[in-house]
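Working through the structure, step by step
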Amino acid sequence: MKELERLDKVISTQTSYSRKDIKRMVRAGDVLLNGKTCKSSDIKINPEKDTITVMGEEIGYKKYVYYMMNKPKGVLSASNDKNVTTVVDILPEHMKRKNLFPAGRLDKDTTGLLIITDDGDFAHRMLSPNKKVYKHYVATLDKALTKEVKEEFESGIVFGDGTVCQKAYFDKISDNVALVKICEGKFHQVKKMFSHCGYTVLELKRIQIGELRLDEGLSLSQSREMTKEEMCSVFDSKMTKM
Ligand code: URA
């Protein structure tokens, strides 16, 4: 059975209210537990059974949430930052809650599929290179691609500093556009791999993680909650061994 938890802790993890806000709202009679006005913010409740209403809105308890975002350019893949707008900042208010973070970073100028969650184990599993969860990127380059680039990507690039990249999948989509699939997340990895081959990446978009595809119905900056099937599809793999 789920352990009992403090009311203020439950509300604070499910919303963006601080404990201080919650105390104040309880005092003002704005928090109901199973329909009755709550007298104290530190009472123990069963978050899976009890119904909490804050300021007239019922709080549906979820242990973790998993959001899919179509990340735009110009926002930072981080939870918060003093100077720059982050991907968590641009979530709609009703989706915000404590402890959200992007599972894996996209550069500020990279667009596309980003998962935002508060489930650390999920993120760890998705990002670990050993789990072979491939991330699919469409890269637009500054010049026409040659077949040598494909060979380099597929045999495993080694950067000048000795860093070894695992073998990557590479498909030429048009003269200067490629689909690249990698299961690691080294800093600026795709850009550095192309740079190693003498190319500059002009545009980079992530379109898929595992078997989870970016919902093309999401315009840039939009997010939505993922379904359970979508969550699991991150760990499905139709990739053949390289
Ligand atoms: N590789 C990059 O170079 N940038 C990204 O944002 C993601 C992968």
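For clarity, every value in this text was computed on a predicted model and none was experimentally measured.

**A closer look at the pattern of salt bridges**
Per the stated rule, a full pass over the model turns up 15 salt bridges. With its nearest N and O atoms 3.8 Å apart, the salt bridge here joins Glu-5 to Lys-9. Across the salt bridge formed by Lys-191 and Asp-107, the nearest N and O atoms sit 2.8 Å from each other. With a gap of 84 residues between them, Lys-191 in helix H5 (residues 189-196) and Asp-107 in the loop between strand S8 (101-102) and strand S9 (111-117) connect regions that are remote in the sequence. Look at Asp-107 and you get buried, because its relative accessible area is 16%. One network of salt bridges, in which partners are shared, links Asp-107, Asp-109 and Lys-191.

**Quick notes on unusual backbone geometry**
Even without being a glycine, Asn-34 presents a positive backbone phi close to 50 degrees. Checked against the element boundaries, Asn-34 lands in the loop between strand S2 (31-33) and strand S3 (36-37). Residue classification places Asn-34 among the partly exposed positions, given a relative accessible area of 42%. For Met-55, which is not glycine, the phi dihedral falls at a positive 50 degrees. Position of Met-55 among the secondary structure elements: in the loop between strand S5 (52-54) and strand S6 (57-59).

**Regarding the environment of Lys-181**
Looking at where Lys-181 falls in the secondary structure, it is placed in strand S12 (residues 177-182). For Lys-181, a relative accessible area of 15% gives the class buried. Placed 58 residues apart in sequence, Lys-181 and Met-239 show a C-alpha to C-alpha distance of 9.6 Å. For Lys-181, the residues in contact, after removing those within four places along its chain, are Tyr-134, Lys-135, His-136, Ala-168, Tyr-169 and Met-239.

**As for the pairing of strand S7 (residues 66-71)**
With 6 of 6 residues buried, S7 is to be regarded as a mostly interior element. Side chains Tyr-66, Met-68 and Asn-70 of S7 all project onto a buried face; the interleaved residues Tyr-67, Met-69 and Lys-71 project onto the opposite face, where all are buried too. Relative to S9, S7 runs antiparallel, the two sharing 6 bridges. Opposite Met-69, over in S9, you have Leu-114 as the bridge partner.

**Let's talk about the environment of Lys-82**
Its location among the elements puts Lys-82 in the loop between S7 and S8. Along the chain, Lys-82 and Asp-118 lie 36 residues apart, while their C-alpha atoms are 21 Å from each other.

**Things to note about the domain arrangement of the protein**
Size of an interface: often given as the accessible area lost when the parts come together. Partitioning the protein into domains gives domain 1 (5-59), domain 2 (66-128 + 211-233) and domain 3 (134-209). Between domain 1 and domain 3, the C-alpha centre-to-centre distance is 49 Å.

What counts, and at which threshold
- Residues numbered from 1 in each chain as written.
- Predicted model: local features only at pLDDT ≥ 70, side-chain atom pairs only at ≥ 80, totals over all residues.
- Heavy atoms only, no water.
- Salt bridge = Lys/Arg side-chain N within 4 Å of Asp/Glu carboxyl O.
- Helix = DSSP H or I, 4+ residues; strand = E, 2+ residues; numbered from the N terminus.
- Buried < 20%, exposed > 50% of the residue type's maximum accessible area, 1.4 Å probe, protein only.
- Contact = heavy atoms within 4.5 Å.
- Pairing = 2+ DSSP bridges.
- Domains from an automatic or database assignment.

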